[in-house]
Amino acid sequence: MNTILDFLKRHGFDNSALDAEALIDAFAKEAAAGLAGQPSSLAMIPSYLGVGAEIPADKPVIVVDAGGTNLRVCTVAFGADGKPAISNFSKCAMPGVEREVGAEEFFSFIASRVEPLLPFASDIGFCFSYPAEITPECDGRLIRWSKQIKAPEVVGKFVGAELRRRLVPMGFKGRVSVMNDTVATLLAGVSDGIRRNSSSYVGMILGTGTNTATVVANAAIKKCPGLPQDGSMIINLETGSFAPIPLSDFDKRLHALTLDPGHYNFEKQISGGYLGQLGLVVLKAAAEEGLLTPKAASQIAALPALENRDLDEFCDNPYCDFGALSALELSDDDRRTVQALGEAVYTRASLLSAINIAFSAILSGGGKDPLAPVCINIDGSTYFKTKTADFKSRCEAATRALLERRGIHHRTICIPDSPIIGAAVAGLTAR
Ligand code: BGC
C-alpha cells in the first residue's frame, strides 16, 4: 500500500525514528571537538564578548544588521532605565540575494546605507549573520557564505575593517564591532535575564537560517589557551552546519539544488530559507510516485519553486487563497496528501529546533536551580510565524521535555528586534 507514511519512510524521512538523545550526544561530541580546535562541523566561534558589561546610558551607537534577506541600519541609545530606543531605521534587500555582487560593491553599498547615520553616533555594532571568525578586537573574517548569498569575493575578508575603510573618507573615526546575530540575540536577553536571576544564557535564531549561541567558561575553550581562565564568553556554535544528522533522499535532492551542497545539513532541514524548496522536492517525489491525482501531479511537476510561506499557508489551511499551491486545481485527496507531507516537513524542523535549543541550554551549564534558570532568547520569523504542525508550541514542548528530564530549568523570552538591540550592546561595550 502506497501510504504517505510508507512513502516517507522509504525515502528515509521518518519523524518517529528521530532519536533526540542520540542527536544531543552527537552535538556534545562536535561541540567539544570544535572548542578544542579539532575537526568538527560545529565551528564554536569565540565572540570575545561577555555578558556582564555595563551599558552607557544616552550614548547612541550605529547598528548595521546584515541578516538573511534584509540589511537594516539604525541608531540605538539606551536610557538610564536600560530601555533601548531605535531611531533612523531603514531596511533594504541584502546585497548578494538577488544577484552576485563583488566585494567592492558589497561593502560600498553597506557604507552608503550607513553614511546618513554618521552624524548621530561615533561607533558601529555590526551584526553579521554568517559564519565569521571573530578577532579579539571584534572584527569578523567571513569563513564561507551560508543562506545562498552570492558574493564570493567577500569570503576571507574582515568585514569590519572593509566597512570601516569605506567609511573613513566619509568622516568616520570610530570602531566597528562585529558579532553574530545569535550572539546579539543572547546579549539582548541579558537585561531581562538579570531580572530573572538567570544562571546562563542562550541566543537562538530561526529565520532564513538557524543557529544558537551560549555562554561557555574560558577554561573549556581549549583552542584559546591564553584566555583568563576564570572568565567566560559567548560562543557562536554555528549549529546550522551540524553535520552528523541522517539525510533523507529529499534532503540530498535539496542539497543538489543549492550553491553549497554538502554544507549546512542541519540548517537545510530547519530554516525558512529552505523549507519551501524542501517541501517542493517532497511534493515532486510524491507526484512521481503516484500519491497525487494525475492532474495535481502534472501541475506540481511544473512548479519551478515554492516559497516557505506558500507551503506553510497551504498546509495550515488547504483552502486558503494565498500562494502557488492554492492556485492549483486539486482534489480533496490531493489537499490531504499535500497537507500531510508539509506537516511532516515542519514537524521535523520543529523537533530538530528543540534539540538545538535544548543542547545549547545543556552546554551553558546553567539552570540547575529553579531560582536561577537558563534564559533562552529566541528571534526569527520562521520560529514565530510558522503555523503548520503547531510549530512553535511543538518546539516548546519538545524543548521542555528534553530539559526537564535533565533537571534543567529554563525560561524562554522574546525580546523584539534582538539582533539590533544586542548589536548596540556590543557596539557600546566591546573593548
Ligand atoms: C549563519 C549563522 C546565523 C544563522 C541565523 C546561518 O546561516 O551561518 O551565522 O547565525 O544563519 O541567522
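Our structure's up above, just so we're on the same page.
In this report, the structure presented in the accompanying data block is examined. Nothing here was measured: the structure is a model prediction, and the numbers come from that model. (Residues numbered from 1 in each chain as written. Predicted model: local features only at pLDDT ≥ 70, side-chain atom pairs only at ≥ 80, totals over all residues. Heavy atoms only, no water.)

Moving on: the sheet that holds strand β12 (residues 374-379). With respect to topology, six strands assemble into an open sheet ordered β1-β11-β10-β9-β12-β13, the strand pairing being mixed. Pairing within the sheet leaves two strands with one partner each, and these edge strands are β1 (45-46) and β13 (410-413). Inspection of the sheet shows β1 paired to strand β11 (residues 232-236) by two bridges, in the antiparallel sense. Paired with Ile45 across the strands is Asn236, a residue of β11. (Pairing = 2+ DSSP bridges. Helix = DSSP H or I, 4+ residues; strand = E, 2+ residues; numbered from the N terminus.)

This part covers the site of the ligand. Around the ligand lies a shell of 15 residues, among which Ser146, Lys147, Asn180, Asp181 and Glu238 are the nearest. Ser146 places a side-chain nitrogen or oxygen 2.8 Å from an oxygen atom of the ligand. Interatomic distance of 3.3 Å between a side-chain N/O atom of Tyr264 and an oxygen atom of the ligand. For the ligand, whose accessible area on its own is 310 Å², the fraction buried by protein is 99%. Contributions of two or more residues to the shell around the ligand are made by α5 (181-195) and β10 (210-217). Each residue belonging to the shell around the ligand can be placed in one class, and the counts come to four nonpolar, seven polar and four charged. (Near = heavy atom within 4 Å. Polar contact = N/O pair within 3.5 Å; in protein donor to acceptor, adjacent residues only side chain to side chain. Areas by Shrake-Rupley, 256 points an atom, 1.4 Å probe, with all protein chains shown as cover. Nonpolar A, V, L, I, M, F, W, Y, C, P; charged D, E, K, R; others polar.)

What follows is about the pattern of salt bridges. By the definition in use, this model includes 20 salt bridges. Residues Arg166 and Glu104 are paired through a salt bridge, measuring 2.7 Å at the closest nitrogen-oxygen approach. With a gap of 62 residues between them, Arg166 in helix α4 (residues 159-167) and Glu104 in helix α3 (residues 103-114) connect regions that are remote in the sequence. Relative accessible area serves as the criterion here: at 47%, Glu104 is assigned to the partly exposed category. Bridged by salt links that share partners, the residues Glu104, Glu162, Arg165 and Arg166 form one connected network. (Salt bridge = Lys/Arg side-chain N within 4 Å of Asp/Glu carboxyl O. Buried < 20%, exposed > 50% of the residue type's maximum accessible area, 1.4 Å probe, protein only.)

Turning our attention to the sheet that holds strand β2 (residues 61-66). If you walk across this open sheet you meet the five strands as β4-β3-β2-β5-β8, and the pairing is mixed. Across the chains shown, the open sheet's two edge strands, defined by having one partner strand only, are β4 (84-93) and β8 (176-179). Shown here is a sheet whose adjacent strand axes are inclined to one another by a mean of 20°, direction ignored. (Axes fitted to C-alpha atoms, helices over the stretch in contact; angles between N-to-C directions.)

Where helix α2 (residues 20-35) contacts helix α12 (residues 332-364), the axes come no closer than 10 Å and their chain directions differ by 50°. Considered as vectors, α2 and α12 are oriented oblique to each other. Taken as a pair, α2 and α12 cross one another with a handedness that is right-handed. For the pair α2 and α12, contact is made by Ala20, Leu23, Ile24, Phe27, Ala28 and Ala31 and by Leu352, Ile355, Ala358, Phe359 and Ile362, respectively. Looking at the contact of α2 with α12 residue by residue, the classes come out as 11 nonpolar, no polar and no charged. (Parallel < 35°, antiparallel > 145°, perpendicular 65-115°, else oblique. Left-handed = near helix turned anticlockwise from the far one by under 90°. Contact = heavy atoms within 4.5 Å.)

You will see that Asn197, though not glycine, has its phi angle at about 55°, which is positive. Here Asn197 is to be found in the loop between α5 and β9 (200-206). Here Asn197 falls in the partly exposed class, since its relative accessible area comes to 46%. The backbone of Asp417 shows a phi angle near 60°, a positive value even though the residue is not glycine. With respect to the helices, strands and loops of the structure, Asp417 is situated in the loop between β13 and α15 (418-429).

Here we take up the environment of Ser418. Mapping Ser418 onto the fold places it in helix α15. Residues Ser418 and Pro370, spaced 48 residues apart in sequence, show a C-alpha to C-alpha distance of 25 Å. Excluding its chain neighbours within four sequence positions, the residues that come into contact with Ser418 are Ala184, Thr185, Ala188, Asn377 and Asp379. A polar side-chain atom of Ser418 sits 2.6 Å from the main-chain carbonyl oxygen of Ile415.

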